[in-house]
Amino acid sequence: MDILNHLDFATAFRELSPELGQGLLIALEATLGGFLLAVILSVLIAVGRLSNSKIIRGILVVILEIVRGTPLLVQLVYMFYVVPLLISLVVQFMIPGYQFQLNPLFAGILGLGINYGCYLSEVVRASILSIDKGQTEAALALGYTHRQALWSIVIPQATRQAIPVFGNYLIMMIKDTSLLAFITVNELLLRTQAYASQTFLTIESYTILAIAYLILSLPLSQVVRLLEKRLSTHV
């Protein structure tokens, strides 16, 4: 009870809110950029997995196993700290002393996009396989090529089926932007950590942070559920 008497949520909320507002903009930027990249990669990977080339399929399977077999946090740290070093080492053969650096936010977007793109590719691939082959045959009979039928007929329908799952992954990505604090992206978690260490309002700060993530996630979850119901009624 003595601890409760010393809690100061009013002060923490008043002082931390502006910081969280700025951190939210960065988190949303990372989410939108990462998710756009993930959607593009997911379609390309899914199409590649369904191609007739064993080499392409084999390369993609190896990439998928590597990405799905390592934690997202490790991938983000590798993207930010290791990839620039590897690029610098390669380029230094041509330009001595060259040092490549990645912007933390850009590294975070790449890490999130690649990770989620690999997982979403399985969703897209399953959706493509679920489309009746008769539609492709009908498109071919109308003069479409296999590639035109895939991109004009099959993929739009598969993407529509995958939208609810995409929505759930979008919500997950918003929460995973907290991991960007480990590569110095000044988003919600890093700003909260800095404030808590300066004011010692630890309980208040992290409670407000948790509520902020709930405020972001819960409405989006409801939107995804409504969208899923609406799409199911039109099937």
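Report follows, based on the coordinates. (Residues numbered from 1 in each chain as written. Predicted model: local features only at pLDDT ≥ 70, side-chain atom pairs only at ≥ 80, totals over all residues. Heavy atoms only, no water.)

1. Looking at the overall build of the protein
For the record, the criterion: Runs of H or I in DSSP of at least four residues are treated as helices and runs of E of at least two as strands, each being numbered from the N terminus. In this setup the radius of gyration rests on C-alpha atoms only. A globule is expected at 2.2 Å times the number of residues raised to 0.38. Think of it in three bands: with a 1.4 Å probe and only protein chains considered, a residue is buried below 20% of the maximum accessible area for its type, exposed above 50%, and partly exposed in between. Should any heavy atoms of two residues lie within 4.5 Å, those residues are counted as being in contact. Shrake-Rupley sampling with a 1.4 Å probe provides the accessible areas, and residues are treated as covered by the protein chains on show and by no other component.
Looking only at helices and strands, one finds nine helices and zero strands in the protein. Taking 18 Å as the expected radius of gyration for a compact globule of 235 residues, we find that the protein reaches 22 Å, considerably beyond that expectation. Overall size of the protein, expressed as C-alpha extent along the three principal axes, is 75 × 60 × 25 Å. In the protein, buried positions account for 37% of the 235 residues. Within the protein, residue pairs in contact and separated by at least 24 positions form 78% of the contacts whose partners lie at least 6 positions apart. Of the roughly 13,800 Å² of accessible surface on the protein, 69% is carried by carbon and sulfur atoms.

2. Side note on the packing of aromatic side chains
Short version of the rule: Ring pairs shown here join Phe, Tyr and Trp side chains whose ring centres sit within 6.5 Å, with only the six-membered ring taken for Trp; geometry is labelled stacked below 30 degrees between planes, edge-to-face above 60, and tilted in between.
This model, assessed by the stated rule, comprises three aromatic pairs. Geometrically, the ring pair formed by phenylalanine 35 and phenylalanine 166 is edge-to-face, given 6.2 Å between the ring centres and 90° between the ring planes. Residue phenylalanine 35 is found in helix α2 (residues 9-49), and its partner phenylalanine 166 is found in helix α7 (residues 146-176); the two are separated by 131 residues along the sequence. A relative accessible area of 8% means that phenylalanine 166 is categorised as buried. Residues tyrosine 116 and tyrosine 169 carry aromatic rings whose centres are separated by 6.0 Å and whose planes lie at 90° to one another, so their mutual orientation is edge-to-face. One end of the pair, tyrosine 116, is in helix α5 (residues 104-130); the other, tyrosine 169, is in helix α7, with 53 residues separating them in the sequence. Overall, tyrosine 116 belongs to the buried group, its relative accessible area being 2%.

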